[in-house]
Amino acid sequence: MRINHFPTTVAAAHAVADRIAERLKAKPNLVLGLATGVTMEPVYERLVARHRAGEISFAGASSFNLDEYVGLPPSDPRSYRATMDSQLFDLVDIDKTRTFVPDGLAADPDAFARRYEAMIREAGGIDLQLLGIGRNGHIGFNEPGADFAARTRVVDLDASTLEANSAFFGGATPPTQAMTMGIGTILDSREIIVLATGAVKRDAVRAALTGPVSPDCPATALRNHPNVGWWLDAESGADVAA
Ligand code: GLP
């Protein structure tokens, strides 16, 4: 596990984008695992800027997103599919038929979840998984209590997550369920980058890196993975040493 400290949020996010760009140059058919959230916005902005500057191409890449709200169609701007389209996919040269996001409207969610896992395997597995962290230590939408071996499935969201994400819903309560890759799915990735920024993530980062490895803090599962980097700003990383 590596811990990288940066003085500012933007510096941490841009360093993550630059790491992704490096990987993409080394392996043009990179399989990316992607995350949504406020934390990722400057990462995608930087990737778009570097693409526009002619420095990186996503033409050979494919991607699998971590999660999606149950009940939101892709046309809803608050869906993670729409978010990814507007923040990244529509702004770079990725083949959109190779960008995958869980289907929040699947008529048979269990069957869809099994298919999503199979698609990841058929793509050769995820080379590089980008992760944020919830204030309660969740990764993807694997809330406290989630089994470390869990695969893609529908989950109920915690009250604290609904509150944190209500900002995206004009203060209203978001959908109370989501389909998410499991912790087991995430741990299968060959490399994991966790980006956590801001004082609101300080406690979660400390618990994830220094607390007992336990489903009470899902991000502690990452301590079992051989290739994880944490990318922190001054506020989120205030309690952890490099
Ligand atoms: C959300 C998402 C996660 C994200 C995390 C942090 O609920 N499901 O994938 O990493 O919580 O979000 P934010 O970056 O907005 O703080």
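Residues numbered from 1 in each chain as written. Predicted model: local features only at pLDDT ≥ 70, side-chain atom pairs only at ≥ 80, totals over all residues. Heavy atoms only, no water.

Caption draft 1: How the structure looks around the pairing of strand S6 (residues 128-131). Residues Leu128 and Leu130 line one face of S6 and the alternating positions Gln129 and Leu131 line the opposite face, and both faces are buried. One ladder, built from two bridges, connects strand S2 (residues 31-34) with S6; its direction is parallel. The residue bridging leucine 32 from the neighbouring strand is leucine 128, located in S6. (Buried < 20%, exposed > 50% of the residue type's maximum accessible area, 1.4 Å probe, protein only. Helix = DSSP H or I, 4+ residues; strand = E, 2+ residues; numbered from the N terminus. Pairing = 2+ DSSP bridges.)

Caption draft 2: Representation of the pattern of salt bridges. Summed over all chains, the structure comprises 19 salt bridges. For glutamate 22, the salt bridge is made with arginine 23, and the minimal N-O distance between the two is 3.8 Å. Judged by its relative accessible area of 47%, glutamate 22 falls in the partly exposed class. When its relative accessible area of 27% is taken as the criterion, arginine 23 is described as partly exposed. The residue arginine 206 makes a salt bridge to aspartate 239 at a minimum N-O spacing of 2.4 Å. Of this pair, arginine 206 sits in helix H7 (residues 202-210) while aspartate 239 sits in the segment after strand S10 (228-232), and the two are 33 residues apart along the sequence. Through salt bridges that share partners, Asp18, Arg46, Arg50 and Glu55 make up one connected network. (Salt bridge = Lys/Arg side-chain N within 4 Å of Asp/Glu carboxyl O.)

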